[in-house]
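# Breakdown of the fold
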Amino acid sequence: MKTTLDAYEAIGVPELWVYDSGNLSIYLFRNGKYIKSNTSPNFEDITITQIIPAAVERSWQVGSFQALEELEAMI
């Protein structure tokens, strides 16, 4: 069973990333509710919603260690 956004709203997690079926969704906690966002305020200059799914896919191909090294070099 997947955790719902409601569970995180209850404790006020400021930013939530949900990765599902090859897609990354970012939710920001604003005024007591989550709003979907295309960017992360923590990584304003990085297209996280594109980079993370690509890194996950790459890790299936070459292993997580190499995929993380490639991600680090890219960022």
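Calculation criteria
Residues numbered from 1 in each chain as written. Predicted model: local features only at pLDDT ≥ 70, side-chain atom pairs only at ≥ 80, totals over all residues. Heavy atoms only, no water. Helix = DSSP H or I, 4+ residues; strand = E, 2+ residues; numbered from the N terminus. Buried < 20%, exposed > 50% of the residue type's maximum accessible area, 1.4 Å probe, protein only. Areas by Shrake-Rupley, 256 points an atom, 1.4 Å probe, with all protein chains shown as cover. Lys, Arg positive; Asp, Glu negative; His and termini not counted. Charge placed at Lys NZ, Arg CZ, Asp CG, Glu CD. Pairing = 2+ DSSP bridges. Axes fitted to C-alpha atoms, helices over the stretch in contact; angles between N-to-C directions. Polar contact = N/O pair within 3.5 Å; in protein donor to acceptor, adjacent residues only side chain to side chain. Contact = heavy atoms within 4.5 Å. Salt bridge = Lys/Arg side-chain N within 4 Å of Asp/Glu carboxyl O.

## Looking at the overall build of the chain
- A tally of regular secondary structure across the chain gives three helices and three strands.
- Reading the secondary structure of the chain in the N-to-C direction produces α-β-β-β-α-α.
- For the chain, with 75 residues in total, the buried portion stands at 24%.
- In the form shown here, the chain has an accessible surface area of approximately 5700 Å², with 54% of it arising from carbon and sulfur atoms.
- Taken together, the 5 basic and 10 acidic charged side chains of the chain have centroids lying 9 Å from each other.

## Quick word on the sheet that holds strand 3 (residues 33–37)
- Pairing within the open sheet is antiparallel, and its three strands lie in the order 1-2-3. Among the strands making up the open sheet, the edge pair consists of strand 1 (15–20) and strand 3. This sheet shows a mean twist of 30° between the axes of neighbouring strands, independent of strand direction.
- The sheet contact formed by strand 1 and strand 2 (residues 23–30) spans six bridges and is antiparallel. Of the residues in strand 2, the one forming a bridge with Y19 is L24.

## Quick look at the side chain of E9
- By the element assignment, E9 lies in helix 1 (residues 5–11).
- Of the polar contacts made by the side chain of E9, one reaches the backbone nitrogen of Y34; its length is 3.3 Å.
- The residues touching E9, leaving out its near neighbours within four places in the chain, are F29, G32, K33 and Y34.

## Things to note about the pattern of salt bridges
- Inspection of the entire model under this criterion finds two salt bridges.
- A salt bridge links K33 to E9, with the shortest nitrogen-to-oxygen separation between them at 3.7 Å. One end of the pair, K33, is in strand 3; the other, E9, is in helix 1, and 24 residues separate them in sequence.
- Exposure remark for E9: the relative accessible area of 17% places this residue in the buried category.
- One salt bridge in this structure joins R58 and E70, with 2.8 Å as the shortest N-O distance. Residue R58 is located in helix 2 (residues 48–62), and its partner E70 is located in helix 3 (residues 64–74); the two are separated by twelve residues in the primary sequence.
- Overall, the relative accessible area of 29% leaves R58 in the partly exposed class.

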